[in-house]
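The residues making up each chain are set out below.
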Amino acid sequence: EPEVTQTPSHQVTQMGQEVILRCVPISNHLYFYWYRQILGQKVEFLVSFYNNEISEKSEIFDDQFSVERPDGSNFTLKIRSTKLEDSAMYFCASRRGFLIGQYFGPGTRLTVT
Amino acid sequence: SQQGEEDPQALSIQEGENATMNCSYKTSINNLQWYRQNSGRGLVHLILIRSNEREKHSGRLRVTLDTSKKSSSLLITASRAADTASYFCATDAIIQGAQKLVFGQGTRLTINP
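Residues numbered from 1 in each chain as written. Chains lettered and ligands numbered in written order. Predicted model: local features only at pLDDT ≥ 70, side-chain atom pairs only at ≥ 80, totals over all residues. Heavy atoms only, no water.

A. Summary view of the overall build of chain A. Along its length, chain A carries zero helices and 11 strands. Listed N to C, the secondary structure of chain A is β-β-β-β-β-β-β-β-β-β-β in terms of helices and strands. For a compact globule of 113 residues, the expected C-alpha radius of gyration is about 13 Å, and chain A comes in at 13 Å, within 12% of that figure. Along the longest, intermediate and shortest principal axes, the C-alpha atoms of chain A span 40 × 25 × 25 Å. Burial statistics for chain A: of 113 residues in total, 47% are counted as buried. (Helix = DSSP H or I, 4+ residues; strand = E, 2+ residues; numbered from the N terminus. Rg over C-alpha atoms; globule rule 2.2 N^0.38 Å. Buried < 20%, exposed > 50% of the residue type's maximum accessible area, 1.4 Å probe, protein only.)

B. Highlighting the sheet that holds strand S1 (residues 5-7) of chain B. Residues and elements named next belong to chain B. The strand order across the open sheet formed by five strands is S1-S3-S8-S7-S6, and the pairing between neighbours is antiparallel. Looking along the sheet, the strands with just one partner apiece sit at the ends: S1 and strand S6 (55-58). Averaged over all neighbouring strand pairs, the angle between strand axes comes to 20 degrees, with direction disregarded. Bridge count between S6 and strand S7 (residues 61-66): four bridges; the pairing is antiparallel. Of the residues in S7, the one forming a bridge with Glu 55 is Thr 64. (Pairing = 2+ DSSP bridges. Axes fitted to C-alpha atoms, helices over the stretch in contact; angles between N-to-C directions.)

C. Main features of the pairing of strand S3 (residues 19-24) of chain A. All names here are of chain A. Residues Val 19, Leu 21 and Cys 23 line the buried face of S3, whereas the alternating positions Ile 20, Arg 22 and Val 24 sit on a face that is not buried. Two strands pair when backbone bridges link them, and strand S1 (residues 5-7) and S3 are joined in this way by three bridges, in the antiparallel orientation. Counterpart to Gln 6 in the pairing with S3 is Cys 23. Bridge count between S3 and strand S8 (residues 75-79): five bridges; the pairing is antiparallel. Paired with Cys 23 across the two strands is Phe 75, which belongs to S8.

D. Broad picture of the interface of chain B and chain A. Listed as interface residues are 23 residues of chain B and, on the opposing side, 23 residues of chain A. For the pair chain B and chain A, the two sides together bury roughly 1,900 Å², of which 52% comes from carbon and sulfur. Asp 92 of chain B is the partner of Arg 95 of chain A in a salt bridge, and the nearest nitrogen-oxygen pair spans 2.6 Å. Summed over the shared surface of chain B and chain A, the number is six residue pairs in polar contact (both at pLDDT 80 or more). Secondary structure elements with two or more residues in the side of chain B that touches chain A: strand S4 (31-37), strand S5 (43-50), strand S9 (85-92) and strand S10 (101-103) of chain B. When its residues are assigned to classes, the side of chain B that touches chain A shows eight nonpolar, 10 polar and five charged. (Contact = heavy atoms within 4.5 Å. Buried area = accessible area lost by both parts, 1.4 Å probe. Salt bridge = Lys/Arg side-chain N within 4 Å of Asp/Glu carboxyl O. Polar contact = N/O pair within 3.5 Å; in protein donor to acceptor, adjacent residues only side chain to side chain. Nonpolar A, V, L, I, M, F, W, Y, C, P; charged D, E, K, R; others polar.)

E. Layout of the state of the cysteines. All names here are of chain B. Enumeration over the complete set of coordinates arrives at two disulfides over all chains. The disulfide bridge from Cys 23 ends at Cys 89, spanning 2.0 Å between sulfur atoms. Here the disulfide of Cys 23 and Cys 89 is right-handed, its torsion about the S-S bond being about 65 degrees. One end of the pair, Cys 23, is in strand S3 (residues 19-24); the other, Cys 89, is in strand S9, with 66 residues separating them in the sequence. (Disulfide = S-S within 2.5 Å.)

F. Up close: the nonpolar core. In this structure, Leu 32, Trp 34, Leu 74, Ile 76, Tyr 87 and Leu 109 of chain B are the most contacted members of the largest nonpolar core, which totals 22 residues. Counting residues per element, the ones that place at least two in this core are strand S2 (10-14), S3, S4, S5, S7, strand S8 (71-76), S9 and strand S11 (107-112) of chain B. Leu 74 of chain B has contacts with Ala 19, Thr 20, Met 21, Trp 34, Leu 46, Leu 61, Arg 62, Val 63 and Tyr 87 of chain B, leaving out every residue within four places of it along the chain. Val 19, Val 67, Phe 75 and Val 112 of chain A belong to the second largest nonpolar core, which has 21 residues in total. (Core = buried A, V, L, I, M, F, W, Y, C linked by side-chain atoms within 4.5 Å.)

G. Main features of the side chain of Gln 6 of chain A. All names here are of chain A. Tracing the sequence through the fold places Gln 6 in strand S1. On the basis of relative accessible area, Gln 6 is assigned to the buried category, the value being 7%. A distance of 3.0 Å separates the side chain of Gln 6 from the backbone nitrogen of Cys 92, its partner in a polar contact. Within the structure, the side chain of Gln 6 is placed 3.0 Å from the backbone nitrogen of Gly 107, a separation counted as a polar contact.

Encoded structure:
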């Protein structure tokens, strides 16, 4: 069964550094998402992406964040200058259509020191 | 705001018993989805129920949806130790192109052998 994959599984970075989190959505899916989950808290929506552009973003998704689908298979989340409060599990998700569930990747645990 | 809220926050039962978790939300939805998350791991999609459906089954899972009360329940029958995890409901509303899932805080389910 096809799966969403994410790399790396764990990323440790120093405050102020740039990080890029990578995702490979399921191949015939059209809608792509990033969510994050701070330890012990609920999953929060960051951004949705369709037809090569952002369709919605949350208040969390400020100018430090960007997303890209550089080559038709990868979907990346970049944080330009990480802050301590960016430490969280970041999940990528994809879906084929609105009437079908979103399928999540295993997540990347980002630790900012 | 549209938000899934699970009840109870934690549930501990004996193996073989049934587990019921509830979810309430505030706004109109297109569908509601349930996910499972093992500690520190990714989100596993369990079941999606559309707003025009009242009940759905998948193996030992039974989900109900009452749109008049804006609530849903997830029943796991004949629970097993491997069912120990956190369970989240997530509501899906498509409003002017918005496609995000809004997650509740989750119910932490512990199955005691």
